[in-house]
Amino acid sequence: MNDTPRIRTAVSCTLLAFTVTAGATACAGSDAHPLSGRAYDAAAQLAVNAPAKGAKADPEKPLEVTAKGEDGRIADVTAVDASGHHLAGELTADGKRWRSTASLAAGARYTVRVATEDEDGAPGARTFTFETAPAKRALTVEFGPEEGTYGVGQPITADLSLPVKDRKDRTVVERALRVRSTPSVEGAWYWVDDKKLHFRPKEYWPAGTQVTVTGNLDGLKVGDKLYGGASTPLKLTIGDRIEAVADAEAHSMTVERNGEVINTIPVTTGKSGYSTRNGIKVVLGKEYFVRMRGASIGISEGSSDSYDLPVYYATRVTWSGEYVHAAPWSVGSQGMENVSHGCIGMSTGNAAWFYETVRPGDIVRTVNSYGDTMDTFGNGFGDWNMPWADWRKGSSLVEPTGEPVPAAQKARLRPSL
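What counts as what
- Residues numbered from 1 in each chain as written.
- Predicted model: local features only at pLDDT ≥ 70, side-chain atom pairs only at ≥ 80, totals over all residues.
- Heavy atoms only, no water.
- Salt bridge = Lys/Arg side-chain N within 4 Å of Asp/Glu carboxyl O.
- Helix = DSSP H or I, 4+ residues; strand = E, 2+ residues; numbered from the N terminus.
- Buried < 20%, exposed > 50% of the residue type's maximum accessible area, 1.4 Å probe, protein only.
- Pairing = 2+ DSSP bridges.
- Axes fitted to C-alpha atoms, helices over the stretch in contact; angles between N-to-C directions.
- Patch = residues over 30% accessible without salt bridge, like charges linked within 9 Å, V, L, I, M, F, W, Y side chains within 5 Å.
- Areas by Shrake-Rupley, 256 points an atom, 1.4 Å probe, with all protein chains shown as cover.

Caption draft 1: Focus on the pattern of salt bridges. On inspection of all chains with the given rule, the structure shows 15 salt bridges. Note that Arg 97 is salt-bridged to Glu 64, the shortest N-O span being 3.4 Å. Taken together, the positions of Arg 97 in strand β6 (residues 97–100) and Glu 64 in strand β3 (residues 63–68) put the pair 33 residues apart, joining distant regions of the chain. We classify Arg 97 as partly exposed; its relative accessible area is 36%. The class of Glu 64 is buried, set by a relative accessible area of 10%. Where salt bridges share partners, they join Lys 56, Arg 109 and Glu 131 into one cluster.

Caption draft 2: Here's a closer look at unusual backbone geometry. With an omega dihedral of 5°, the bond running from Gly 144 to Pro 145 counts as a cis peptide bond. Structurally, Pro 145 is set in the loop between β10 (141–144) and β11 (148–150). Of the consecutive residues Thr 182 and Pro 183, the connecting peptide bond is found in the cis state with omega at 0°. Tracing the backbone through its elements, the reader meets Pro 183 in the loop between β13 (177–182) and β14 (187–193). The backbone of His 251 shows a phi angle near 55°, a positive value even though the residue is not glycine. With respect to the secondary-structure elements, His 251 resides in the loop between β20 (242–247) and β21 (252–257). What makes His 251 buried here is its relative accessible area of 14%. With a phi close to 50°, Tyr 313 is a non-glycine residue in the positive phi region. For Tyr 313, the location among the structural elements is in strand β25 (residues 308–316).

Caption draft 3: Quick peek at the pairing of strand β26 (residues 323–326). When β25 meets β26, the two strands line up antiparallel, connected through two bridges. Bridge assignment links Thr 315 to a residue of β26, and that residue is Val 324. Here β25 hands over to β26 after six residues, with Gly 321 in that stretch at a positive phi of 115°.

Caption draft 4: Region of the structure containing the sheet that holds strand β27 (residues 344–346). Reading across the sheet, the four strands line up as β24-β25-β26-β27 and stay open at both edges, with mixed pairing between neighbours. Strands at the two margins of the open sheet, each flanked by one partner only, are β24 (285–293) and β27. If you compare each strand with its neighbour and ignore which way they point, the axes differ by 35° on average. The pairing of β26 with β27 spans three bridges and is classified as parallel.

Caption draft 5: Fine view of a nonpolar patch on the surface. Together, Tyr 288, Phe 289 and Tyr 312 make up an exposed nonpolar region whose accessible area comes to about 310 Å². Looking at the element boundaries, Phe 289 is found in strand β24. Given a relative accessible area of 40%, Phe 289 falls into the partly exposed group.

So, in structure tokens, the structure goes:
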């Protein structure tokens, strides 16, 4: 038996992120710090530079673990926060230094485990914990719509509390916004502007889909001194596929449920100068009674086109005031000619049936109108009017060429379990 005492690895765990006050550094001498004690397997001498009592680490700076002396090396380092996220890092080939390569989370508590070996391969180990300071600027996200059941055309919205302009920062944010569905679908986020994103599948949601949306931003470094905050998850259920197609030329609306025609309704759409918008719109909501005034769309009071009418069974499809609604005053024109100021009008009985049949998220598509095509954003949900290839280019995870973002641009992302 070799009676010569083994020399254990001395490890200095320097958390550069810590704000250290004078006299607060303890190197292998303070019994108060977990790294100053004896290893569970022997008596490895370990040292640590630690913050003053009650202080927290600056998440802007990396974590480093360094082996001191020539007789030992670091075998492995793992750093995990309370949410189970591993802090990525690199160990030098000689095993003398480990350094984090991903950003620390703000307002997090980390557990760090350091495994060492001496020159004979005998193991040593230490475990310690530390906390990082909370973010001074927190980016939060609010998902929409409200939890509930929606039609197959319902996009998901993400409203950010602060603008995110840099593409690299957007990549971090977007990869933290998770949309999971059963059954699984192909889909993508689109940056509408610096503070708003929309998510839609390549095709309409399958009927019966269960959707869960989460924002894994809490504590995650987004950009320069900007970290993510907590968000509330969202759960949606997708109902039957209801699709209404209004043909302005035929003055008729066909309504389908899950691919089968369930009603054909005579309608009137927008007359010359007020043509109904072409394209796909998504039901935004339903209002039993609406007071509609021509002044709201710029028509002068007292002019020949002026109106002020009580309207019932109004199903909204644009924020600017386009509805599918009861129009008993135009029953003689329904199925024959277009006389409205842009809405789709029908009899009170048909409007009541439509009102009771559809829900937010259902599809209303207008064809063969002289009107412009529905805007993609800003006046409701015209998301489906954009071709899928163009939609994908609105994601920060896809280059303008349509190719995925190179892996090098994902280095700041915090892996998740």
